[in-house]
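One letter stands for each residue in the lines below.
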Amino acid sequence: MLSSLSRSVFSAAARVLVARPLPLLSSRGSAVSVCRSLWIHGGAGRALRPTFLNAHRGFPAVSCGCGGLHTDGDKAFAEFLSDEIKEEKKIQKHKGLPKMSGGWDIDVNGTEAKLTRKVSGEKITVTFNTNNSIPPTLDEETQEGQKGEEEEPELVSTPNFVVEVTKLDSNQTLVLDCHYPEDEVGHGEEEESDVFNIREVSFQPTGETDWKESSYTLGTDSLDWALYDHLMDFLADRGIDNAFADELVELSTALEHQEYIHFLENLKKFVKC
């Protein structure tokens, strides 16, 4: 009876280990496919992490005076993060943030960025946030093994961005909510295709930090194509065109990677204390 019960427990434990799904790989080039896959990378060549099936759990080491918990697992985690930070800095394309052509002033606050310029009595502001700005890169052919040997594409940040055009002698601001369509980014099949799209347009009071929900918002999904083209030309005349959109992607990608490295450094400090 006990022997049968032991075999049942062992079989169930084996099924738990086998059935645990592996996380999907994301890529910033071949090197980053390893760097961003923390759990896969961390499991290679190492013993199993402590679970209810593994009795060798970490216990507090000598206290450093911070009052936090310190385990062997924390030490290994901190060492792993040190390697990750070195690899990310090695493949970092921009040590600083790239400049935007067109006379834009850049103001960065963490993951938020604001671009501003003044042209002939107008103030133009473009704001974006790099959080959740990297689209998933799942290549079906690669999953089927047909392109397994090819270099994986780089991660690029394609954030939604908001354009505000303010007439300096007016109390209203025209606001255009823009985004990069996933099926258009990086393809370049049609030279004249728009890199970005306008999703919504509205008027908001100038200087208000909180937009009024009562203001009419024009969605572009069912908008007359001629009106939509005029809106795109309106932006292009103010320097927000395909060239601007491409530069914004480069700026956002550099900012996102910079913030990712800062996150790893802060995580290392937190774990190591």
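Residues numbered from 1 in each chain as written. Predicted model: local features only at pLDDT ≥ 70, side-chain atom pairs only at ≥ 80, totals over all residues. Heavy atoms only, no water.

Engineer: Quick rundown of the pattern of salt bridges? Include the residues and the values.
Structural biologist: Counted under the stated rule, the structure contains four salt bridges. What you see here is one network of salt bridges that share partners, running through Glu122, Lys167 and Arg238. (Salt bridge = Lys/Arg side-chain N within 4 Å of Asp/Glu carboxyl O.)

Engineer: Which residues make up the environment of Gly121, and what are the values?
Structural biologist: By the element assignment, Gly121 lies in the loop between β2 (112-119) and β3 (122-129). It is 7.8 Å that separates the C-alpha atoms of Gly121 and Asp169, two residues lying 48 residues apart in sequence. Setting aside chain neighbours within four positions, we find Gly121 in contact with Thr166, Lys167 and Leu168. (Helix = DSSP H or I, 4+ residues; strand = E, 2+ residues; numbered from the N terminus. Contact = heavy atoms within 4.5 Å.)

Engineer: Quick one: what's the story with the packing of helix α4 (residues 72-90) against helix α7 (residues 242-272), residue by residue and with numbers?
Structural biologist: Their axes nearest at 9 Å, the elements α4 and α7 cross at an angle of 160 degrees. The orientation of α4 relative to α7 falls into the category roughly antiparallel. The crossing of α4 and α7 is left-handed. On the side of α4, the interface is formed by Asp74, Phe77, Ala78, Leu81, Ser82, Glu84, Ile85, Glu88 and Lys89, while α7 contributes His257, Tyr260, Ile261, Leu264, Glu265, Leu267, Lys268, Val271 and Lys272. Looking at the contact of α4 with α7 residue by residue, the classes come out as nine nonpolar, two polar and seven charged. (Axes fitted to C-alpha atoms, helices over the stretch in contact; angles between N-to-C directions. Parallel < 35°, antiparallel > 145°, perpendicular 65-115°, else oblique. Left-handed = near helix turned anticlockwise from the far one by under 90°. Nonpolar A, V, L, I, M, F, W, Y, C, P; charged D, E, K, R; others polar.)

Engineer: Go over the side chain of Gln92 with me, naming the residues and quoting the values.
Structural biologist: Structurally, Gln92 can be placed in the loop between α4 and β1 (105-109). Looking at Gln92, its side chain comes within polar contact range of the main-chain oxygen of His94, at 3.3 Å. (Polar contact = N/O pair within 3.5 Å; in protein donor to acceptor, adjacent residues only side chain to side chain.)

Engineer: With reference to specific residues and values, describe the pairing of β3.
Structural biologist: Across eight bridges, the pairing between β2 and β3 is antiparallel. Directly across from Lys114, in β3, lies its bridge partner Thr127. Remark: two residues form the turn of the hairpin made by β2 and β3, two consecutive strands paired antiparallel; Ser120 in that turn has positive phi of roughly 45 degrees. (Pairing = 2+ DSSP bridges.)

Engineer: Help me get a handle on the nonpolar core, residues and values and all.
Structural biologist: Phe161, Val163, Leu176, Phe196, Ile198, Ile240 and Leu248 are the most contacted members of the largest nonpolar core, which has 29 residues in total. Elements with a minimum of two residues in this core: β2, β3, β4 (161-167), β5 (172-179), β6 (197-205), α6 (225-236) and α7. Here this core takes six residues from α7, the largest share from any one element. Once residues within four sequence positions are removed from consideration, Ile240 is found in contact with Trp104, Ile124, Val126, Phe161, Val163, Phe196 and Leu235. Grouped together as the second largest cluster of nonpolar side chains are five residues, Phe80, Leu81, Ile85 and Tyr260 included. (Core = buried A, V, L, I, M, F, W, Y, C linked by side-chain atoms within 4.5 Å. Buried < 20%, exposed > 50% of the residue type's maximum accessible area, 1.4 Å probe, protein only.)

Engineer: Tell me what's going on with the environment of Ile85, and back it up with residues and numbers.
Structural biologist: Among the structural elements, Ile85 can be located in helix α4. Taking C-alpha positions, Ile85 is 9.7 Å from Phe263, a pair spaced 178 residues apart along the chain. Not counting chain neighbours up to four residues away, the residues in contact with Ile85 comprise Leu264, Glu265 and Lys268.

Engineer: Break down α7 for me, citing the residues and quoting the values.
Structural biologist: Taking 1.5 Å of rise per residue, 31 residues should cover 45 Å, and α7 covers 45 Å from first to last C-alpha, within 8% of that figure. By the N-cap criterion, in which a side-chain oxygen at the helix start approaches the backbone nitrogen of a residue two or three places on, α7 is capped by Asp241, the distance to Ala243 being 3.3 Å. One or two positions beyond α7, positive phi appears at Cys273, with a value near 60 degrees. (Expected span 1.5 Å × (residues − 1).)

Engineer: Mind laying out the pairing of β1, listing which residues take part and the relevant values?
Structural biologist: The element β1 is barely covered by neighbouring structure, given that only zero of its five residues are classed as buried. Summarising the sheet, β1 and β2 pair through five bridges and their orientation is antiparallel. In the strand pairing of β2, Asp105 is matched with Thr116. In this antiparallel pair of consecutive strands, β1 and β2, the connection spans two residues, and Gly110 shows a positive phi of 65 degrees.

Engineer: So what's going on with α4? Residues and values would help.
Structural biologist: A rise of 1.5 Å per residue sets the reference length of α4, with its 19 residues, at 27 Å; its end C-alpha atoms lie 28 Å apart and thus fit the reference within 8%. Looking only at α4, the buried set comprises Ala78, Phe80, Leu81, Ser82, Glu84, Ile85 and Glu88. Looking at where α4 begins, the residue whose side-chain oxygen comes 3.2 Å from the main-chain nitrogen of Gly73 is Thr71.

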